[in-house]
Amino acid sequence: MNERQLQILRELGELGSVTATAEALLMTPSAISQQLRLLQRSIPVPLTERDGRRLVLTDAGQALARAAIEVETALARARHTIEEFVDRPDADVSVAAFHSAAAAFFPLLLAQAGPGRPQISLADEDVAQDQFPRLTRDYDLVLAHRLGQAPPWPTTVTASTLLREPLDIALPADHPLAAKRRLTPQDVADQPWITVDDGFPLMATVDAIATAANRRLDIVHRINDFAVAAEVVAAGGGLALMPRWTARPHPAVILRPLSGVSTRRHIDVLHRPERAARRAVRMVLTELHRAAATIRSRDVGGRTTAPDH
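Residues numbered from 1 in each chain as written. Predicted model: local features only at pLDDT ≥ 70, side-chain atom pairs only at ≥ 80, totals over all residues. Heavy atoms only, no water.

Engineer: How would you explain the nonpolar core if you had to name every residue and give the values?
Structural biologist: By size, the foremost hydrophobic cluster in this structure holds 37 residues, and its most contacted members are Val95, Phe105, Phe132, Leu141, Leu143 and Leu288. When residues of this core are traced back to their parent elements, those giving at least two are β3 (92-97), α5 (99-110), α6 (132-135), β5 (141-147), β6 (158-172), β11 (264-271) and α10 (279-296). Per-element tally for this core: the top contributor is α10, with 8 residues. Leave out the neighbours within four places in its chain, and Leu141 touches Val93, Ser94, Val95, Ala96, Val269, Leu270, His271, Val281, Val284, Leu285 and Leu288. Listed in part, the 36 residues of the second largest apolar core include Val188, Trp193, Ala229 and Leu255. (Core = buried A, V, L, I, M, F, W, Y, C linked by side-chain atoms within 4.5 Å. Buried < 20%, exposed > 50% of the residue type's maximum accessible area, 1.4 Å probe, protein only. Helix = DSSP H or I, 4+ residues; strand = E, 2+ residues; numbered from the N terminus. Contact = heavy atoms within 4.5 Å.)

Engineer: Quick rundown of the packing of helix α1 (residues 3-15) against helix α2 (residues 18-25)? Include the residues and the values.
Structural biologist: Taken N-terminus to C-terminus, the directions of α1 and α2 make an angle of 125°; their axes are 9 Å apart at the nearest point. Considered as vectors, α1 and α2 are oriented oblique to each other. In the packing of α1 onto α2, the handedness of the crossing is right-handed. Two secondary-structure elements touch here, α1 through Arg4, Gln7, Ile8, Glu11, Leu12 and Leu15 and α2 through Val18, Ala20, Thr21, Ala24 and Leu25. (Axes fitted to C-alpha atoms, helices over the stretch in contact; angles between N-to-C directions. Parallel < 35°, antiparallel > 145°, perpendicular 65-115°, else oblique. Left-handed = near helix turned anticlockwise from the far one by under 90°.)

Engineer: How would you explain the confidence of the model for the protein chain if you had to name every residue and give the values?
Structural biologist: This prediction gives the protein chain a mean pLDDT of 88; 96% of its residues lie at or above 70. Segment residues 305-309 is flagged for pLDDT under 50; beyond a separation of four residues in sequence, or across chains, it makes 14 contacts in the model. (pLDDT = per-residue confidence, 0-100.)

Engineer: With reference to specific residues and values, describe the pattern of salt bridges.
Structural biologist: One pass over the full model with this rule turns up 9 salt bridges. In this structure, Asp140 engages Arg275 in a salt bridge whose closest nitrogen and oxygen atoms are separated by 2.7 Å. Residue Asp140 is located in the loop between α6 and β5, and its partner Arg275 is located in the loop between β11 and α10; the two are separated by 135 residues in the primary sequence. Across the salt bridge formed by Arg146 and Asp268, the nearest N and O atoms sit 3.2 Å from each other. Linking Arg146 in strand β5 with Asp268 in strand β11, this pair joins segments that are 122 residues apart in sequence. Each member of the pair, Arg146 together with Asp268, is buried. Here the salt bridges do not stand alone but share partners, grouping Asp140, Arg275 and Arg278 into one network. (Salt bridge = Lys/Arg side-chain N within 4 Å of Asp/Glu carboxyl O.)

Engineer: Could you give me a rundown of the environment of Pro192, with the residues and numbers involved?
Structural biologist: Secondary-structure assignment places Pro192 in strand β7 (residues 192-195). The exposure class of Pro192 is partly exposed, given its relative accessible area of 31%. Between the alpha carbons of Pro192 and Glu165 there is a distance of 24 Å; along the sequence they are 27 residues apart. For Pro192, the residues in contact, after removing those within four places along its chain, are Asp218, Val220, Gly237, Gly238 and Leu239.

Quick look at the structure:
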């Protein structure tokens with residue numbers, strides 16, 4: 001039984017004729033009769049009978065009409081509940097992000113919290129690049145990263161770019177290469193390296209550096225967390241790629257831009273299309289874009305001495 005058939009039964013039970021029901025529902029009598037015939041196929045007892053020239057409901061039809069009123073009332077209540085849920089500005093919104101994005105974005109999101117604002121729950125999810133779309137099953141919004149030349153995200157998710165962030169070479173402040181304003185793959189290829197695990201976006205840039213220098217890099221340490229990697233860089237453990245805006249500055253580490261290789265990553269926000277139907281989710285999306293503008297405009301505090309072109 002569909003919603004239109006429920007309406008027909010209800011009106012026919014109250015008005016007593018197909019003609020009056022058709023007028024009330026702005027339908028033709030033949031359309032009313034067709035819907036009744038379709039409904040009758042699923043009901044084992046007659047729902048209508050002839051009363052002179054009129055088609056009226058049987059006792060079974062009247063009973064079903066009364067039940068239809070209850071069903072319509074329940075449907076209306078359910079619609080109201082859904083509409084209220086979709087339109088609530090202070091509804092729950094779950095946000096997941098990989099570590100460096102979480103450190104940069106989460107405090108800015110929480111700064112917007114308050115009465116009448118979305119109730120945000122946060123989670124860190126540092127996964128391989130191809131795993132980010134799957135996280136949209138469990139979270140309303142997912143902050144993911146990929147290199148600028150990487151394939152786009154699958155069409156099963158909606159994606160918008162928050163930042164196109166430069167990746168710099170991180171090295172100890174007293175390293176001989178720190179005297180250079182800009183580095184090349186040849187400058188850094190003979191150094192020990194700290195990289196992320198295979199499958200994570202930055203590895204493609206590390207491989208590109210090796211290709212440009214025409215030599216294999218000496219990868220000594222595998223560390224996914226930039227804060228930990230910065231400590232190892234400061235201790236002389238090697239060079240590392242470091243995001244310019246979202247990684248926390250380390251007093252003993254400086255950043256230098258790299259020429260000759262594309263060194264930029266996209267930080268994107270992913271979500272399933274239906275999630276954006278909720279007002280609270282749209283509000284958090286807007287806040288994420290505002291936060292991205294704040295992050296992008298931050299002073300890098302002397303970590304680099306030459307602009308990235």
